[in-house]
Amino acid sequence: MDNLVELLRAVVGPGGSEKLGSVLGVRPQQAQQAIDHAIPAIVGGLIQQVAQPHGPEMLERRLEGYDEGMLDQLDELWGESGSAQRQTILTRGSEVLQDLFAGNLSSVLEGISKISQIDLEKVRALLAMLVPVVMGFLKRQRREQGWDVADLARVLISQQGALKDWLPAGMADSLGAAQTVRDSAAATPVSYTHLRAH
């Protein structure tokens, strides 16, 4: 089974930490540490949400607002030429984070801040800028694989076990989907062996 977090890290690429570090005013090594934990945190938030009643439908509505073509423009968006668009991305991404994590958002930000030694507001901004990467990638995979939204939800839930390798201690449990939902997903598997980064 392909690891969604690894695939998303590949989409961000080795230059992502340098560009995001420059945008945030932090060292690339700090940005990379934050990215390594922010991506699985966002995936974990999505898992938690799709596990709820009507969660897949909520995910579908959320994906409609994102353009997968953004994945091909990350160098521009995170570079000097993308400064005009970043405020929109930050505002929208922050709204998504609040919706995904609700009462857990503070603990998510604090956990990543402690590991990366980046202040909370910059961690929030980094997560907000990574939201469209995750959403765009999921939207692209859904289209290429021919999945419906229920298939995509099952793929997300199948990734829960892998998150513990990436998330700070204690965060994985707070962002995990319910066991009953995992059992339901296991009973109706979907093929996800061809997930790939572009």
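These remarks concern the structure in this document. Remember, it's a predicted structure, so these values are computed and weren't measured experimentally. Each chain carries its own residue numbering, running from 1 in the written order of its sequence. In keeping with the model being predicted, local features are shown solely for residues with a pLDDT of at least 70 and side-chain atom pairs are shown and tallied solely at 80 or more, while totals for entire chains, interfaces and linings include all residues. Water and hydrogen atoms play no part in the side-chain values, which are based on all heavy atoms of the structure.

**Comments concerning the overall build of the protein chain**
Alright, step 1. Across its full length, the protein chain carries 12 helices and zero strands.
Alright, step 2. Helix and strand assignments come from DSSP, with helices taken as H or I runs of at least 4 residues and strands as E runs of at least 2, each series counted from the N terminus. Taken from N to C terminus, the helices and strands of the protein chain fall in the order α-α-α-α-α-α-α-α-α-α-α-α.
Alright, step 3. Residues counted as buried form 53% of the 198 residues belonging to the protein chain.
Alright, step 4. Any pair of residues with heavy atoms lying within 4.5 Å of one another is described as a contacting pair. Contacts spanning at least 24 positions in sequence make up 81% of the contacts within the protein chain whose residues lie at least 6 apart. When a residue's accessible area, from a 1.4 Å probe over protein chains only, is under 20% of the maximum for its type it is buried; when over 50% it is exposed; and in between it is partly exposed.

**Observations regarding the packing of helix 3 (residues 28-50) against helix 4 (residues 55-64)**
Alright, step 1. Where helix 3 meets helix 4, the closest approach of the two axes is 7 Å, and the angle between their N-to-C directions is 130 degrees. The pairing of helix 3 with helix 4 is recorded here as oblique in orientation. Contact with helix 3, carried on its side by Leu46, Gln49 and Val50, involves Gly55, Pro56, Met58, Leu59 and Arg62 of helix 4 and no other residues of that element.
Alright, step 2. Ten residue types, Ala, Val, Leu, Ile, Met, Phe, Trp, Tyr, Cys and Pro, are classed as nonpolar, four, Asp, Glu, Lys and Arg, as charged, and the remainder, Gly among them, as polar. Tallied by class, residues from the contact of helix 3 with helix 4 come to five nonpolar, two polar and one charged. A fitted line through C-alpha atoms serves as each axis, taken over the contacting stretch for helices, and the angle formed by two N-to-C directions is quoted from 0 to 180°. Roughly parallel covers angles under 35 degrees, roughly antiparallel covers those over 145, roughly perpendicular covers 65 to 115, and oblique covers all other angles.

**Concerning the nonpolar core**
Alright, step 1. Counting 60 residues, the largest nonpolar core has Leu46, Trp78, Leu127, Leu130 and Leu156 as its most contacted members.
Alright, step 2. Per-element tally for this core: the top contributor is helix 8 (residues 120-145), with 13 residues.
Alright, step 3. Apart from residues lying up to four places away in sequence, Leu127 is in contact with Ala38, Ile42, Leu97, Phe101, Val108 and Ile112. Among the buried residues, those of types Ala, Val, Leu, Ile, Met, Phe, Trp, Tyr and Cys that are joined through side-chain atoms within 4.5 Å form a nonpolar core.

**Regarding the environment of Trp166**
Alright, step 1. The topology assignment puts Trp166 in the loop between helix 10 (160-163) and helix 11 (171-175).
Alright, step 2. Judged by its relative accessible area of 17%, Trp166 falls in the buried class.
Alright, step 3. For Trp166, the residues in contact, after removing those within four places along its chain, are Asn3, Val5, Glu6, Arg9, Asp36, His37 and Pro40.

**Digging into the environment of Gly25**
Alright, step 1. Residue placement: Gly25 occurs in the loop between helix 2 (16-24) and helix 3.
Alright, step 2. Residues Gly25 and Ile118, 93 residues apart in the sequence, show an inter-C-alpha distance of 9.6 Å.

**Quick look at the pattern of salt bridges**
Alright, step 1. Salt bridges are counted wherever a side-chain nitrogen of Lys or Arg sits within 4 Å of a carboxyl oxygen of Asp or Glu. Scanning all chains against the criterion turns up nine salt bridges.
Alright, step 2. Close ionic contact of Arg9 with Asp36 constitutes a salt bridge, the shortest N to O distance being 2.8 Å. Separated by 27 residues along the polypeptide, Arg9 in helix 1 (residues 4-12) and Asp36 in helix 3 bring together distant segments of the chain.
Alright, step 3. Residues joined in a network through salt bridges with shared partners are Glu68, Asp72, Arg140, Arg143 and Glu144.

**A closer look at the environment of Pro28**
Alright, step 1. Inspection of the secondary structure assignment puts Pro28 in helix 3.
Alright, step 2. Residue Pro28 is classed as partly exposed on the basis of its relative accessible area, which comes to 34%.
Alright, step 3. For Pro28 and Gly16, which are 12 residues apart along the polypeptide, the C-alpha to C-alpha distance reads 8.6 Å.
Alright, step 4. Among residues more than four places away in sequence, those in contact with Pro28 are Ser17 and Glu18.

**Topic: the packing of aromatic side chains**
Alright, step 1. Under the pairing criterion, centres of Phe, Tyr and Trp rings, with the six-membered ring standing for Trp, must be within 6.5 Å; the plane angle then separates stacked pairs below 30 degrees from edge-to-face pairs above 60, leaving the rest tilted. Under the counting rule described, the total for this entry stands at zero aromatic pairs.
Alright, step 2. Positioned over the ring face of Tyr66 is Arg92, at 4.3 Å from the centre of the ring. Counting as a charge over the ring demands two things of the Lys NZ or Arg CZ atom: a distance within 6 Å of the ring centre and an angle within 35 degrees of the ring normal.

**Quick word on the packing of helix 3 against helix 7 (residues 105-116)**
Alright, step 1. Where helix 3 meets helix 7, the axes come as close as 8 Å, and the angle between the chain directions of the two elements is 150 degrees. What the angle tells us is that helix 3 and helix 7 run roughly antiparallel. For the crossing formed where helix 3 meets helix 7, the hand is right-handed. Across from Gln30, Gln33, Ala34, His37, Ala38 and Ala41 in helix 3, the residues of helix 7 making contact are Val108, Ile112, Ile115 and Ser116. A crossing counts as left-handed when the near helix is turned anticlockwise from the far one by less than a right angle, and as right-handed when that turn is clockwise.

**Quick notes on helix 9 (residues 149-158)**
Side chains of residues three or four places apart in an α-helix project in the same direction, reflecting 3.6 residues per turn.
Alright, step 1. With respect to burial, helix 9 is a largely interior element, seven of its 10 residues being buried.
Alright, step 2. Along helix 9, the residues classified as buried are Val149, Asp151, Leu152, Ala153, Val155, Leu156 and Ile157.

**A look at helix 7**
Alright, step 1. Under the 1.5 Å per step criterion, the end-to-end length of helix 7 is 17 Å for 12 residues, consistent within 8% with the ideal 16 Å.
Alright, step 2. Considered for burial, the residues of helix 7 that qualify are Leu105, Val108, Leu109, Gly111, Ile112, Ser113 and Ser116.
Alright, step 3. Once helix 7 finishes, Gln117 follows within two positions and takes phi at roughly 60 degrees, a positive value. Helix span is expected to be 1.5 Å times the residue number reduced by one.

So yeah, pure geometry; function would need other evidence.
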